Amino acid sequence: MSDFIHAAAFDGLAQRYDAQFTATALGSVLRQMSWRRFERAFAGREYLLDIGCGTGEDAIHLARLGHRVVATDASLQMVRMASRKAELAGCAQHIRFLWTPMEQLGVELAGEKFDGVYSNFGAINCAPDLATLARGLAPLLRPQAPLAWVVMGRYVPWEWAWYLARGDAGTAFRRLRRGGAAWRGLQVRYPTPATLARALQPYFTRRVATPLGLVLPGSYAAPLFERAPRLLATLTRAEQALQRLHAGAVFADHYCFEATRLSV
């Protein structure tokens, strides 16, 4: 049943996700920032696992850099779209797409050994149980393999201000609800970096968490920046300047959590 819910939640987004986020000025800036983190984390690593590949933007980017990628998603429509995009991009031979929920990765990929694992823009927030996910992933990764996940944060002043200004307190504080927020039949949870680090033990050790969206707002503000490119440029410079403020990860719309697979 949970597999069906995951698919239903994202199948309906597949056709419009790129237009609503990927192709927007804000979406492009945020994805470029996440790519810089991934590029540093996976330098010299060949075989990567992508959790929640969506429409394939990250897998295609990393394949173009010379990595081999197994790109996975619970949504068949997302996987189909990503596969078509990889064909058009000329890098399909470097990406294997797999339609499966993240809870089943340990079974579906049993015997594989990856040099790193990544996930972008909140797919991990849909995990039913982070500790169970970590336990299933651990055998798939080589010792010292890097993990880089971009996760939606819990405490987001930008979101509070945005929705409170519109009289929507329920949305403003949705991330603070005990047990997470209901969305399209899913329960979406918002772990802090410390909570995520604890959930990944004893298989992974935390390296660093960096903010992604401390100054820049979330995707709800994307239409604003289509009309105000100078404002976006100003906030982007401020966001880049604060990337080393690791404490800011707690208050960012997303944060990039990096860890290392512990030796067996």
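It should be noted that the structure appears before, not after, this text.
Residues numbered from 1 in each chain as written. Predicted model: local features only at pLDDT ≥ 70, side-chain atom pairs only at ≥ 80, totals over all residues. Heavy atoms only, no water.

Brief notes about the overall build of the protein chain
Working step 1: A count of helices and strands for the protein chain gives 12 helices and nine strands.
Working step 2: Computed over the C-alpha atoms, the radius of gyration of the protein chain is 17 Å, within 12% of the 18 Å expected from 2.2 N^0.38 for a compact globule of 264 residues.
Working step 3: Counting only C-alpha atoms and orienting by the principal axes, one finds that the protein chain spans roughly 50 × 40 × 40 Å.
Working step 4: For the protein chain, with 264 residues in total, the buried portion stands at 54%.
Working step 5: Nonlocal contacts in the protein chain, meaning residues at least 24 apart in sequence, comprise 78% of its contacts between residues at least 6 apart.
Working step 6: By element, 55% of the accessible surface of the protein chain is carried by carbon and sulfur atoms, the whole surface being about 11900 Å². (Helix = DSSP H or I, 4+ residues; strand = E, 2+ residues; numbered from the N terminus. Rg over C-alpha atoms; globule rule 2.2 N^0.38 Å. Buried < 20%, exposed > 50% of the residue type's maximum accessible area, 1.4 Å probe, protein only. Contact = heavy atoms within 4.5 Å. Areas by Shrake-Rupley, 256 points an atom, 1.4 Å probe, with all protein chains shown as cover.)

So, the nonpolar core
Working step 1: One finds Ile-95, Phe-97, Tyr-118 and Leu-216 to be the most contacted residues of the largest nonpolar core, which totals 41 residues.
Working step 2: It is helix 3 (residues 25–41) that provides the largest number of residues to this core, a total of seven residues.
Working step 3: Ignoring anything within four residues of it in the chain, the contact list for Phe-97 reads Cys-53, Ala-71, Val-79, Ala-82, Ser-83 and Ala-86.
Working step 4: Core analysis: the second largest hydrophobic core is formed by 32 residues, Leu-105, Ala-197, Phe-204 and Phe-257 among them. (Core = buried A, V, L, I, M, F, W, Y, C linked by side-chain atoms within 4.5 Å.)

Description of the packing of helix 3 against helix 12 (residues 229–241)
Working step 1: Between helix 3 and helix 12, the shortest axis-to-axis distance is 11 Å and the interhelical angle comes to 20°. In terms of orientation, helix 3 and helix 12 fall into the roughly parallel class. In the packing of helix 3 onto helix 12, the handedness of the crossing is right-handed. Residue-level inspection shows Ala-25, Leu-26, Val-29, Met-33 and Arg-36 of helix 3 in contact with helix 12, the latter providing Leu-232, Thr-236, Glu-239 and Gln-240.
Working step 2: Looking at the contact of helix 3 with helix 12, its residues break down into five nonpolar, two polar and two charged. (Axes fitted to C-alpha atoms, helices over the stretch in contact; angles between N-to-C directions. Parallel < 35°, antiparallel > 145°, perpendicular 65-115°, else oblique. Left-handed = near helix turned anticlockwise from the far one by under 90°. Nonpolar A, V, L, I, M, F, W, Y, C, P; charged D, E, K, R; others polar.)

A few points about the packing of aromatic side chains
Working step 1: Scanning all chains against the criterion turns up 11 aromatic pairs.
Working step 2: For the ring pair Phe-10 and Trp-183, a centre distance of 5.2 Å and an interplane angle of 55° mean the geometry is tilted. Of the two residues, Phe-10 is situated in helix 1 (residues 2–11) and Trp-183 in strand 6 (residues 181–183); the sequence distance between them amounts to 173 residues.
Working step 3: Owing to a relative accessible area of 21%, Phe-10 belongs among the partly exposed residues under this scheme.
Working step 4: A ring pair is formed by Phe-38 and Tyr-118, whose centres lie 5.2 Å apart and whose planes are at 45°; its orientation type is tilted. Note that Phe-38 is positioned in helix 3 and Tyr-118 in strand 4 (residues 116–119), a separation of 80 residues in sequence. For the pair formed by Phe-38 and Tyr-118, the shared burial category is buried.
Working step 5: Grouped by ring-pair contacts, the aromatic residues Trp-158, Trp-162, Tyr-163 and Tyr-220 constitute a single cluster. (Phe/Tyr/Trp six-rings, centres within 6.5 Å; stacked < 30°, edge-to-face > 60°.)

Digging into the sheet that holds strand 3 (residues 95–99)
The strands making up a sheet associate through hydrogen bonds between their backbones, and the pairing can be parallel or antiparallel.
Working step 1: The seven strands are arranged 3-2-1-4-5-9-8 in an open sheet whose pairing can be described as mixed. The open sheet is flanked by strand 3 and strand 8 (204–212), the only strands paired with a single partner. Put simply, the sheet's adjacent strands are angled 20° from each other on average, direction ignored.
Working step 2: Sheet strands in contact with helix 10 (residues 193–200) are strand 5 (146–152), strand 8 and strand 9 (254–261), and its direction is about 25° off that of strand 9. (Pairing = 2+ DSSP bridges.)

Section: the environment of Tyr-190
Working step 1: Inspection of the secondary structure puts Tyr-190 in the loop between strand 7 (186–188) and helix 10.
Working step 2: Residue class for Tyr-190 comes out buried when judged on its relative accessible area of 9%.
Working step 3: Counting along the chain gives 16 residues from Tyr-190 to Arg-174, while the straight-line C-alpha distance between them is 9.6 Å.
Working step 4: Contact partners of Tyr-190, with chain neighbours within four places excluded, come to Asn-125, Met-152, Gly-153, Arg-154, Arg-175 and Ala-181.

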